[in-house]
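# Residue-level structural notes
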Amino acid sequence: MKQLPNILTLSNLFCGALAVIYILHAPQYIAEFNGVEYTITNPEPVYWASAMVVLAALFDFTDGLAARWLKLQSPFGRELDSLADVISFGLVPGLMLFRLLRSAYMRMPDVFDVSYINLAPALLVPCFAAYRLAKFNLDTRQSENFIGIPTPAVGLLVASFPLIILYNPFNLAHWLQNIWVLYTIIALLCYLMVAEIPMLSLKFKSLQLRPNWARLVLVALSIAGIPVLKFATVPFVFVCYVLLSFVSKPSTGNAVK
């Protein structure tokens, strides 16, 4: 039982590693262009990687609950949690965005002139995620709420993109296959992860309405959005989360993992 929180944290990491495998496992084929043969790596659907990110988020949520329930919170658990998160919610969304950027460029007429430099901005996401997690472990202000967007929120948002492209609610797939939209998303996510902006935690400290109104509104919007928006509920809830954090102005205190 003493190792239960660590097992759950490592399960988070295991799911993140599986997600990386699903993203990188892409079939290749030969195509001819202007009389020259090229080896093309086809962007394989990353829907299974999206599922692994959701599982990783569940494990990330339950390891903290288990640690508090068993009274086993420790600096070791906090560090292990951050190491797992940087893979599942940093590297995985970065690789997903890398794959989406590559797919978007493949729709352009000058696809064969595209350099990896054009795709490299996607890898800023894991860099900023690692910076944020290292900062969180040393920050003494994030006990009740966060400062900056937590990495699991970023991971879940990006994990919804392949599913949105697959089912295409409200023609959102068109926008997620636009390179400038993807670059803008990357820039915003990197900024929000390290910005000095108080953000809501979803932990309910009490059953009182007044301190929890923003959390309750977010939960209500999430439930109401699912039957209408389907997978587009995830970016909708993400935007609502940011806006509610700005409106409610959550307080910060001493950090406890």
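Predicted model only: the values in this text are computed from it and were never measured.

Moving on, we get to the overall build of the protein chain. Along its length, the protein chain carries 10 helices and 4 strands. Taken from the N to the C terminus, the helices and strands of the protein chain come in the order α-β-β-α-α-α-α-β-α-α-α-β-α-α. Within the span of the protein chain, comprising 257 residues, buried residues form 43% of the whole. Here the analysis covers contacts within the protein chain between residues at least 6 apart in sequence; of these, 76% occur between residues at least 24 apart. Here the protein chain has roughly 14,000 Å² of accessible surface; of this, 69% comes from carbon and sulfur atoms.

With 17 residues, helix α6 (residues 151–167) should cover 24 Å at 1.5 Å per step; its first-to-last C-alpha distance of 25 Å lies within 8% of that length. Most of α6 is tucked away: 12 of the 17 residues are buried. Of the residues making up α6, those classed as buried are T151, P152, V154, G155, L157, V158, A159, S160, F161, P162, L163 and I164. Considering only its buried residues, α6 is in contact with α2 (47–69), α3 (75–105), α5 (124–138), α7 (172–176), α8 (179–194) and α10 (233–248). Downstream of α6 by one or two residues, N168 has phi in the positive range, about 50°.

Here, UniProt's "transmembrane region" (unreviewed entry) annotation points to residues 7–26, 46–70, 82–102, 114–134, 146–167, 179–204 and 216–244. The annotated region residues 46–70 carries 92% helix and 0% strand content, and the separation between its end C-alpha atoms amounts to 36 Å. Helix makes up 100% of residues 82–102 and strand 0%. Its end C-alpha atoms lie 29 Å apart.

Bringing the nonpolar core into the picture now. Within the largest apolar cluster, 55 residues are counted, with the highest numbers of intra-cluster contacts made by M96, L97, L101, I149 and F161. When contributions to this core are tallied by element, the ones reaching two or more residues are α1 (4–24), α2, α3, α5, α6, α8, α9 (213–229) and α10. Not counting residues up to four positions away in its chain, the partners in contact with L101 are N118, L119, A122, I179, L182, Y183 and I186.

Evaluation of the coordinates by the stated rule reveals 1 salt bridge. Residue E196 is joined to K135 by a salt bridge in which the shortest nitrogen-to-oxygen separation is 2.5 Å. With E196 in the loop between α8 and β4 (198–199) and K135 in helix α5, this residue pair connects regions lying 61 residues apart in the sequence.

Analysis parameters
- Here the residue index of a chain counts from 1 through its sequence in written order.
- For a predicted model such as this one, the threshold for reporting local features is a pLDDT of at least 70, and the threshold for listing and counting side-chain atom pairs is 80 or more; totals across whole chains, interfaces and linings nevertheless cover every residue.
- Only hydrogens and water are removed before side-chain values are computed, so all heavy atoms of the structure are retained for them.
- A run of H or I in DSSP counts as a helix once it spans at least four residues, and a run of E counts as a strand once it spans at least two, with each numbered from the N terminus.
- Buried means the residue's accessible area, taken with a 1.4 Å probe over protein chains only, is under 20% of the maximum for its type, while exposed means over 50%, and partly exposed covers the values in between.
- Residues are treated as being in contact if the distance between any of their heavy atoms lies within 4.5 Å.
- All accessibility values rest on the Shrake-Rupley procedure with a 1.4 Å probe; residue burial counts only the protein chains present in the view.
- Residue count minus one, scaled by 1.5 Å, sets the expected span of a helix.
- UniProt positions are given in the numbering used here, feature names are shortened, and annotations may be inferred rather than shown by experiment.
- Note on terminology: a nonpolar core comprises buried Ala, Val, Leu, Ile, Met, Phe, Trp, Tyr and Cys residues joined through side-chain atoms within 4.5 Å.
- In what follows, salt bridge is the name for a side-chain nitrogen of Lys or Arg lying within 4 Å of a carboxyl oxygen of Asp or Glu.

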